[in-house]
Amino acid sequence: MTNFIFSFGFSLSWLLTTLLPLLWLPDEANARIGYFWHISDLHLDTFYSTQGDIYKSCWQLSHTAASSSSSVRQQTATEAPGPFGHYNCDSPWSLVESAVKTMKAKQGDNVEFVLWTGDALSHSAQALSEQKQLETLRNITELLGRSFSSPFIFPVLGHEDGSSGPHKYKQMGELWRHWLPTDALVTFELGGYYSIEQTRSRLRIVALNTNFMRYDYESELKPAHSLRWPAEYVVEPKASSRTMSAQDQLQDQQQAEQQWLWLDEVLAKSRDKQETVYIVGHMPPGVDERNMGPQHNGQLIFTERNNQRYLELVRKYASVIQGQFFGHLHSDTFRLIYDEQGTPISWLMIAPSVVPRKEGLGGSNNPALRLYKFDTGSGQVLDYTQYFLDLPLANRAHEPLWLPEYNLTHYYALAEISSIALHNFAERFTGRDASWFSRYHRANAVRYQSGSACLGLCMLNHYCAITRLDYDEFRLCLESEQLPLQSGASWRQLSCSCLLLALALRTATQRIYQ
């Protein structure tokens, strides 16, 4: 009898550990595997020159001040801009072209779609005429169109992509008409946002105009650009997002509110139709994890009210949102959204930029591309491969050799890509083993060596930015977690109490808004 019980117990154990896991493999084994690219923040500068000055945007200025010291001239000559870019400057055409060619070579024909999340123009493009801005955008559009046989390239507007307003949206709608169906063009030409239903699956792409949500600190705090513009910049009237007519400004304000109503309606319909949704935009909610300065000097991305509204909608429709994809920060990172009980319910991926320059922070990065692997039926993201270009090596070799940097699930030892798995990974940052954060931080700047370690408050800033997208919760996280950080204790000792305080604060804030 004892032998029978042992045999039965052993057989049951073997059944549970060996056979049952095979029943839970539909994600990979039965899924129809597809791929899509994510490319962001190209920042093409048509004035980039290998004869230019790396301290003046890599432009070759015929009227460089005669008073420049010989030491500066010598250093500029030593660090001349390379053929594929420089960490101080926006992208030359050669870098953008090599990125798109790499996408086609690595996964060109067998790709479901491409997400292009904005900021195609250089940081200096606001001084360009509208005609030159449009010409630059058209050149990039044609490059992507020539490179991919699939018509499904989904672009969104970045804050550096020229002026806003109805005229701009109609102009860009004409440029991207071959990618957007008629119903998508209707809302795009009104406000720069749209939705597309994938015909071969129940996946819906929701593309936002995050310029409507932006906290615009630049008009008040950003100093005027001291660089004298090349003559080509001033021979035609300049375009500016701040020269809109009163009527256009009013219409933009109305469309900003309309986008919120539209987003709620689209997500509600997707839930009723049992669709899954990818939300795509340029600027993400939350804060910039690399900016440790004053919160209203570049760290906040949305206005507080818009940030709150976005988080509320994601919590409301988390069951249908399979993924959120953004750019803007130029860094490789992710974000987590929690419900009222503190359970992780949704994730955001923030892709690093093609451009190596990060304006204002000194936090440059190597150029990057991202290829996602997903289940085309359910929309479940299964993995991604991050590609990068070692910029100094490419410039020395005069050849852009794009290489795989890492594979997400392998690099971070994830069993799957889910909000719970990513939450568990982020919690490793709070333990005593710093190796996991070191791996993350190395990828965060795409292997760019800044020369300074990210320890203490820097590490805390990343952790709080990833796990606390609500601004009040982020501030509380920074303030509350500093005590165990400074004392050397584990952050976990205060995590529960901090989260409860943050949730209570969020509830009170929501009551105020209501």
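For clarity, every value in this text was computed on a predicted model and none was experimentally measured.

Draft legend 1. Structural context of the state of the cysteines. Counting across every chain of the model gives three disulfides. Each sulfur of the disulfide joining C58 and C89 lies 2.0 Å from the other. Here C58 and C89 share a disulfide; its torsion about the S-S bond, 75 degrees, makes the bridge right-handed. Separated by 31 residues along the polypeptide, C58 in the loop between β2 (48-53) and α3 (70-78) and C89 in the loop between α3 and α4 (93-107) bring together distant segments of the chain. As far as burial versus exposure is concerned, C58 and C89 are alike and both buried. The side chain of C464 participates in a disulfide bridge whose partner is C477; the two sulfur atoms lie 2.1 Å from each other.

Draft legend 2. Broad picture of empty space enclosed by the protein. The full count for this structure, using the stated rule, is six cavities of 30 Å³ or more. The computed volume of the second largest cavity comes to approximately 60 Å³. Lining the second largest cavity we find D332, T333, F334, M349, R370, Y384, Y406, L408, Y412, L422 and Y440.

Draft legend 3. Looking closely at the layout of surface pockets. Put simply, the second largest pocket is a space of about 440 Å³. Secondary-structure elements contributing two or more residues to the lining of the second largest pocket are α16 (435-444) and α17 (457-467). The element that contributes the greatest number of residues to the lining of the second largest pocket is α16, accounting for four residues. Looking at the lining of the second largest pocket residue by residue, the classes come out as seven nonpolar, twelve polar and four charged.

The rules we used
- Every chain is numbered on its own, with residues counted from 1 as its sequence reads.
- Totals for whole chains, interfaces and linings use all residues, but because this is a predicted model, local features are given only for residues with pLDDT of at least 70 and pairs of side-chain atoms are given and counted only at 80 or more.
- Neither water nor hydrogens contribute to the side-chain values; these are computed over all heavy atoms in the structure.
- Note on disulfides: each one is a pair of cysteine sulfur atoms within 2.5 Å.
- By definition, any uninterrupted DSSP run of H or I lasting at least four residues is a helix, any uninterrupted run of E lasting at least two residues is a strand, and each is numbered from the N terminus.
- Under the scheme applied here, a residue whose accessible area is under 20% of the maximum for its type counts as buried, over 50% as exposed, and between as partly exposed, the area being computed with a 1.4 Å probe on protein chains only.
- We place a 1 Å grid over just the protein atoms. Points where a 1.4 Å probe fits but has no way out form a cavity, open points with protein on both sides within 12 Å along at least 5 of 7 lines form a pocket, and any residue with an atom within 4 Å of a point lines it.
- Grid points are joined across faces, edges and corners, and a volume is the space filled by probe spheres set on the points.
- Only Asp, Glu, Lys and Arg are considered charged, only Ala, Val, Leu, Ile, Met, Phe, Trp, Tyr, Cys and Pro nonpolar, and every remaining residue, Gly among them, polar.

In short, the description is geometric, and any link to function would need to be established separately.
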